[in-house]
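The chain contents come next:
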Amino acid sequence: MAVDNEPRETFEDVDWDDIDETTRAFSRKTIVTIGAYMLFAVGLLYDYVLKPPRADTIEPLGISLQALDWLYILTLLTILVGVVVPLYENGRMTRYYWQQFRKNRAAVASLIYLGVIFLIGSIGPRFLEQPTVDPSNAYQPPVFTSAPNWLPVECAGEVAGGSCHGTWAHPFGTTHEGKDILVSVIYGMEVSMQVGLIAALITITIAAIVGVSAAYFGGWIDAALMRYVDIQITFPTFFLYLMIVYLYGGSLFSMIVIFGLLGWGGIARIVRSEALQRREEEYVLAAKNAGASGYWTMRRHLLPNVSNSVITAVTLLIPSLILFEASLAFLGLGDPTVPSWGEVIASGRSDLPNAWWVSTIPGIFLFFTILAFNFVGDALRDALDPRADGGDK
Amino acid sequence: MGMEMEMEMGIGVSPVSDQPAAARTEAPLLSVRNLTKHYPITTGLRSKEVGRVRAVDGIDFDVYPGETVGIVGESGCGKSTAASSLIRLEEPTEGTVRFDGEDITQYDQAELKAFRRRVQMIFQDPESSFDPRMSIGEAIAEPLAVQGLSDASRRREIVADLLERVGLAAGDADRYPHELSGGQKQRVGLARALSMNPDMIIADEPVSALDVSIQSEILALMTDLQETFGLSILLISHNLAVIRQICDRVAVMYLGEIVELGTASEVFTNPQHPYTRALLASIPTADPTDRGMGIELTGDVPSPSNPPTGCRFHTRCPELIQPENYEFEQSTWRRVMDLRQKLDQGTVDVDAIREGVVTERESDETPDDVSATETKARLRDEFAIPQSLDDSRAESVLDAALDELVSGNPAAARERLATEFATPCESQSPTLEDTTAGQTASCLRLENELPPTELEQTVRSD
């Protein structure tokens with residue numbers, strides 16, 4: 001700390017009347033945040049109300065945004081505002097957390113893997129055409145491997161010794177329909193990230209708000225919210241989704257929204273029980289003694305202190321959502337318009353004896369993605385708890 | 001059945017400050033009148049009220065600028081509730097609290113928020129009074145941020161200054177609560193309270209969670225800060241030594257009421273209320289030959305949901321007023337009243353007494369074989385009542401009552417004792433009145449100008 005020549009400000013110097021009179025201006029950050037959400041709202045309004053129906057959202061570029069895309073944009077915006085910006089602002093804290101986090105090598109590798117999946121999944125589908133059915137191109141083996149020559153209709157690579165060798169034209173090979181598996185896997189990355197992130201964000205937002213409010217306000221608010229949770233938990237979400245599939249056909253959007261809006265009950269209960277304990281702590285009373293509002297107490301004290309349970313729950317939630325989407329797609333209940341990992345796995349299940357790569361390659365991606373989320377969650381939980389290992393100062 | 005309070009002597013106890021009891025000319029900073037906090041006991045869906053816990057039941061006191069007032073009492077007597085409800089951390093049920101002339105119980109939210117700057121609180125448990133996810137600096141700056149000082153760099157400067165004033169380093173701002181010791185955290189607690197530049201600090205058991213060696217450091221820091229900033233302090237403690245060390249005036253609380261209020265020197269050297277005397281007698285002394293003054297409080301602390309009638313202390317008071325027509329030794333009278341109270345509660349089990357007699361005899365007799373005389377003798381032993389009272393008329397009443405009790409008619413025994421051995425303490429409520437010693441106390445003995453008991457004499461000669 002530099003030596004101050006100026007005497008520094010002390011608590012006695014604060015002129016509270018002066019502070020009371022200054023109308024509290026919104027900070028630049030607040031303005032930017034509100035601006036970003038306003039921009040989003042305007043875009044949504046334009047897409048659904050103002051522009052001619054059936055036209056592309058951004059005509060000159062030929063970009064057409066669907067409901068799911070808007071939801072994904074909102075999710076990414078919220079992650080940016082709620083996670084990335086605070087991490088950047090509190091650099092010291094972030095570095096401390098990072099120090100803790102990187103102790104777990106597997107988690108660092110997992111984070112890099114997830115980052116790559118996210119990037120490729122976000123960028124790839126913008127430039128790649130959806131894989132198309134091309135029977136003449138069926139059963140091409142992945143590069144560096146080979147398949148019996150009779151399997152592919154027309155081997156794209158070298159034929160040597162009765163075997164068809166894979167080529168770089170189809171690095172992961174093709175399915176029985178001749179769809180390129182690499183392209184399908186890249187599309188599947190986006191689907192998995194969308195399912196995991198959007199549904200998880202909807203879930204934890206509602207769960208955190210409901211759980212913390214129930215615990216903080218208590219009384220009839222608590223009773224009403226928790227009884228509603230009881231009812232919601234008994235509600236058969238899976239059958240609701242099945243019904244929607246039969247009525248309107250499978251869609252990723254409805255799957256995400258249904259699981260996001262109806263799956264938060266359990267986490268809300270965890271949050272509530274945790275927040276109930278925290279509410280009795282003296283620091284909550286100390287905040288009240290400082291004149292803090294209920295919102296302040298919930299936002300600054302209760303939420304951060306239940307974040308452990310929330311992060312634990314989310315790290316279990318995201319992979320289970322991704323797995324759930326894959327299972328539904330495997331059963332043919334998914335969105336037929338988007339290629340997802342589960343769908344590709346399903347399409348190759350009868351070909352396993354001959355064309356092992358069709359199911360195996362997306363399966364490996366699914367497996368590692370779920371594993372990576374679990375590793376990251378584990379390390380995050382350890383890193384975010386200041387009591388875990390902080391005595392190294 | 002003894003006292004539930006720990007009355008430790010802190011080290012380095014300074015002599016009681018001799019604040020003159022002269023009439024004050026200035027107005028009190030804080031003036032509490034009839035402060036009441038009842039917690040309703042509710043049942044069922046409609047939250048029907050079935051009773052109330054009278055945690056604080058009408059207390060009055062003043063705190064003058066720059067003064068330290070102590071509230072002392074056993075655990076559960078309502079002293080902490082009094083503190084939190086007088087600054088509306090909990091809404092008081094009744095009463096007025098004037099701070100600097102304004103009734104804060106009438107404040108709306110905005111006024112209350114502004115008022116928070118003027119009175120700050122220090123909490124008992126240094127472990128729980130800091131958010132584990134906030135650094136020390138953020139915790140100290142929290143009141144500043146809440147009250148609208150939105151400039152983070154100004155907050156950091158103020159925090160650095162505050163940390164140094166309470167004996168920590170400015171660099172400690174980045175540390176987390178779990179990295180500090182209990183004493184350091186209590187210093188941080190003081191810094192957090194000071195950040196608002198308050199006129200008054202309420203310290204709820206500020207040192208009771210700390211090592212004895214740290215206690216006096218924190219108390220010394222509090223007095224230092226008090227002198228520097230002209231703070232008023234309301235100190236709440238069960239520890240008489242702490243109160244004695246720093247308080248100018250003391251209020252003694254029992255079951256939600258103040259029973260004695262005066263300057264520390266008056267209360268500690270010449271206690272007027274039997275409860276205060278019992279508290280003082282329980283302080284251990286460093287003299288090994290001193291076996292204490294023999295004042296022991298019998299009975300449990302009554303529940304505040306169902307406080308005793310009359311004087312609330314009468315169920316445990318060693319100086320209970322005797323009935324007019326009888327002459328007891330004071331300690332015997334207390335024992336007889338203990339028996340009476342147990343009878344009223346229906347907790348005297350004559351069969352168990354008989355069984356006790358049989359067990360000790362090691363013979364084949366059944367409890368039914370135990371004679372009435374033996375049972376009565378045993379009952380007297382249980383309550384430490386002599387086998388024969390000095391006053392023959394009292395003896396005959398007690399004997400008749402025991403006969404009725406042993407013969408299986410406790411209602412008659414209860415009735416007999418209630419009419420014969422009635423004390424004004426169970427029917428009349430004393431009020432806080434000025435005493436000849438200078439302080440105020442609420443005791444019927446003082447109101448009726450009864451002569452002091454032997455017990456009182458013992459404490460006074462101390």
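Residues numbered from 1 in each chain as written. Chains lettered and ligands numbered in written order. Predicted model: local features only at pLDDT ≥ 70, side-chain atom pairs only at ≥ 80, totals over all residues.

- In the annotation of an unreviewed UniProt entry, the entry for chain A reads Binding-protein-dependent transport system inner membrane protein, and the organism field reads Natrialba aegyptia DSM 13077.
- Listed in UniProt under the heading Subcellular location (unreviewed entry), the comment for chain A reads: "Cell membrane".
- For chain A, the Sequence similarities (unreviewed entry) comment in UniProt is given as "Belongs to the binding-protein-dependent transport system permease family." (UniProt positions renumbered as here; feature names shortened; annotations may be inferred.)

**Quick look at the overall build of chain B**
Part 1: Counting its regular elements, chain B contains 16 helices and 12 strands.
Part 2: Along the first, second and third principal axes, the C-alpha set of chain B runs to 85 × 50 × 50 Å.
Part 3: Residues counted as buried form 45% of the 462 residues belonging to chain B.
Part 4: In chain B, once contacts between residues fewer than 6 apart in sequence are set aside, the share between residues at least 24 apart is 69%. (Helix = DSSP H or I, 4+ residues; strand = E, 2+ residues; numbered from the N terminus. Buried ≥ 20, exposed ≤ 12 C-beta atoms within 10 Å, placed from the backbone. Contact = placed C-beta atoms within 7 Å.)

**A few points about the overall build of chain A**
Part 1: Counting secondary structure elements, chain A contains 14 helices and 3 strands.
Part 2: A principal-axis box enclosing the C-alpha atoms of chain A has dimensions of 90 × 55 × 45 Å.

**As for the pairing of strand β4 (residues 94-99) of chain B**
Residues and elements named next belong to chain B.
Part 1: Both strand β1 (residues 30-43) and β4 contribute to a ladder of 5 bridges, which runs antiparallel. When the bridges of β4 are listed, Val32 appears paired with Val97.
Part 2: In this sheet, strand β5 (residues 102-103) lies alongside β4 in antiparallel orientation, the contact comprising 2 bridges. Bridged to Phe99 within β5 is Glu102. (Pairing = 2+ DSSP bridges.)

**Considering helix α3 (residues 136-146) of chain B**
Given 3.6 residues per helical turn, the α-helix brings residues three or four places apart onto the same face.
Part 1: Of all 11 residues in α3(B), 9 are buried, a share of seventy percent or more.
Part 2: Of all the residues in α3(B), the buried ones are B:Ile136, B:Gly137, B:Ala139, B:Ile140, B:Ala141, B:Glu142, B:Pro143, B:Leu144 and B:Val146.
Part 3: On its buried side, α3(B) packs onto α11 (282-289) and α12 (294-330) of chain A together with α4 (152-165) and α5 (182-194) of chain B.
Part 4: Looking one or two residues past α3(B), B:Gly148 carries a phi angle of roughly 110°, positive in sign.

**What to know about the UniProt feature "transmembrane region" (unreviewed entry) in chain A**
Residues and elements named next belong to chain A.
Part 1: With numbering aligned to this structure, UniProt lists the feature "transmembrane region" (unreviewed entry) at residues 31-50, 70-88, 108-128, 195-217, 309-334 and 354-377.
Part 2: The span residues 108-128 is 95% helix and 0% strand, and its two end C-alpha atoms sit 29 Å from each other.
Part 3: Structurally, residues 354-377 is divided into 88% helix and 0% strand, and its ends, taken at the C-alpha atoms, are 38 Å apart.

**Topic: the packing of helix α5 (residues 105-127) of chain A against helix α6 (residues 181-217) of chain A**
All names here are of chain A.
Part 1: Between α5 and α6, the least distance of the axes is 8 Å, while the angle of their chain directions is 115°. Between α5 and α6, the interaxial angle falls into the category roughly perpendicular. The two elements α5 and α6 meet at a crossing, and its hand is left-handed. Along its contact with α5, which presents Ile117, Phe118, Ile120, Gly121, Ser122, Gly124 and Pro125, the element α6 presents Ile186, Tyr187, Met189, Glu190 and Met193.
Part 2: Broken down by class, the residue content of the contact of α5 with α6 amounts to 8 nonpolar, 3 polar and 1 charged. (Axes fitted to C-alpha atoms, helices over the stretch in contact; angles between N-to-C directions. Parallel < 35°, antiparallel > 145°, perpendicular 65-115°, else oblique. Left-handed = near helix turned anticlockwise from the far one by under 90°. Nonpolar A, V, L, I, M, F, W, Y, C, P; charged D, E, K, R; others polar.)

**Considerations on the sheet that holds strand β1 (residues 146-148) of chain A**
Whenever strands of a sheet pair, they do so through backbone hydrogen bonds, lying parallel or antiparallel.
Residue and element names in this part refer to chain A.
Part 1: Spatially, the 3 strands line up as an open sheet ordered β1-β3-β2, and their pairing is antiparallel. What marks the edges here is a single partner per strand, and that holds for β1 and β2 (159-160).
Part 2: Sheet analysis places β2 next to strand β3 (residues 163-165), joined by 2 bridges and oriented antiparallel. Its bridge partner lying in β3, Ala160 is registered against Ser163.

**Thoughts on unusual backbone geometry**
Generally, phi is negative for residues other than glycine and the peptide bonds are trans, each holding for most cases.
Residues and elements named next belong to chain A.
Part 1: In this structure, Tyr139 is a non-glycine residue whose phi angle is positive, near 55°.
Part 2: The residue Tyr139 is located in the loop between α5 and β1 in this model.
Part 3: Judged by the 25 C-beta atoms lying within 10 Å of it, Tyr139 falls in the buried class.

**Things to note about the interface of chain B and chain A**
Part 1: With 37 residues of chain B at the interface, the matching set in chain A holds 32 residues.
Part 2: Elements with a minimum of two residues in the side of chain B that touches chain A: β6 (119-122), α3 and α4 of chain B.
Part 3: For the side of chain B that touches chain A, the element with the highest residue contribution is α4(B), accounting for 6 residues.

**Things to note about the sheet that holds strand β9 (residues 249-254) of chain B**
Residue and element names in this part refer to chain B.
Part 1: Here we have 8 strands laid out as an open sheet, ordered β6-β7-β8-β3-β9-β10-β12-β11, and mixed in their pairing. Because the sheet does not close on itself, it has two edges, and the strands there are β6 and β11 (433-434).
Part 2: With 6 bridges connecting them, β9 and strand β10 (residues 257-263) associate as antiparallel partners. Bridge assignment links Arg249 to a residue of β10, and that residue is Thr263.

**Some remarks on the UniProt feature "domain: ABC transmembrane type-1" (unreviewed entry) in chain A**
Part 1: What UniProt calls "domain: ABC transmembrane type-1" (unreviewed entry) maps, in this numbering, to residues 189-377 of chain A.
Part 2: As a span, residues 189-377 of chain A carries 83% helix and 0% strand, and end to end its C-alpha atoms are 19 Å apart.

**Digging into the nonpolar core**
Part 1: Ranked by size, the top nonpolar core spans 117 residues in total, and within it B:Leu162, B:Met200, B:Ile202, B:Leu234, B:Ala251, B:Val252 and B:Ile258 carry the most contacts.
Part 2: The element best represented in this core is helix α13 (residues 392-406) of chain B, accounting for 7 residues.
Part 3: What B:Val252 contacts, discounting residues up to four positions off in sequence, is B:Val72, B:Gly73, B:Ile258, B:Val259, B:Glu260, B:Val267, B:His273, B:Tyr275, B:Thr276 and B:Leu279.
Part 4: Counting 78 residues, the second-largest nonpolar core is a separate cluster that includes A:Leu71, A:Ile202, A:Tyr241 and A:Ala275. (Core = buried A, V, L, I, M, F, W, Y, C linked by C-beta atoms within 7 Å.)

**Some thoughts on the pairing of strand β2 (residues 48-63) of chain B**
Residues and elements named next belong to chain B.
Part 1: Taken together, the 12 bridges between β1 and β2 define a ladder with antiparallel strand orientation. The residue bridging Leu30 from the neighbouring strand is Val63, located in β2.
Part 2: Between β1 and β2, which pair antiparallel and follow one another directly, the connecting turn spans 4 residues, one of which, Gly44, has a positive phi of 80°.

**Some details on the domain arrangement of chain A**
Part 1: Here chain A is described as being made up of domain 1 (27-65), domain 2 (67-131 + 180-384) and domain 3 (134-179).
Part 2: Using C-alpha coordinates to define each centre, domain 1 of chain A is positioned 44 Å away from domain 3 of chain A. (Domains from an automatic or database assignment.)

**What to know about the confidence of the model for chain B**
Residues and elements named next belong to chain B.
Part 1: Chain-level pLDDT for chain B is 84 on average; 90% of the residues reach the 70-or-more range.
Part 2: For the stretch residues 1-22, pLDDT sits under 50, and the model shows 50 contacts to residues farther than four places along the chain or on other chains.
Part 3: Model confidence for the complex is summarised by a pTM of 0.80, with the ipTM given as 0.80. (pLDDT = per-residue confidence, 0-100.)

**Overview of the environment of B:Glu102**
All names here are of chain B.
Part 1: Position of Glu102 relative to the elements: it lies in strand β5.
Part 2: The exposed category is assigned to Glu102, around which 12 C-beta atoms lie within 10 Å.
Part 3: Sequence separation between Glu102 and Ser31 is 71 residues; the distance between their C-alpha atoms is 9.5 Å.

**Points about the environment of B:Tyr275**
Residue and element names in this part refer to chain B.
Part 1: Of note, Tyr275 is situated in helix α9 (residues 274-281).
Part 2: In sequence terms Tyr275 and Leu379 are 104 residues apart; their C-alpha atoms lie 28 Å from each other.
Part 3: If sequence neighbours within four positions are ignored, Tyr275 has contacts with Val252, Tyr254, Val259 and Phe313.

**Considerations on the packing of α6(A) against helix α7 (residues 219-234) of chain A**
Residues and elements named next belong to chain A.
Part 1: With their axes 7 Å apart at the nearest point, α6 and α7 run at an angle of 145° to one another. The element α6 and its partner α7 pack so that their crossing is left-handed. Of the residues in α7, those in contact with Val210, Ser213, Ala214 and Phe217 of α6 are Gly219, Ile221, Asp222, Leu225 and Met226.
Part 2: Partitioned by chemical class, the residues of the contact of α6 with α7 number 6 nonpolar, 2 polar and 1 charged.

**Some thoughts on the environment of A:Pro319**
Residues and elements named next belong to chain A.
Part 1: Examined against the element boundaries, Pro319 turns out to sit in helix α12.
Part 2: With 21 C-beta atoms counted inside 10 Å, the residue Pro319 sits in the buried group.
Part 3: Contacts of Pro319, omitting those with residues within four sequence positions, involve Ile370, Phe373 and Asn374.

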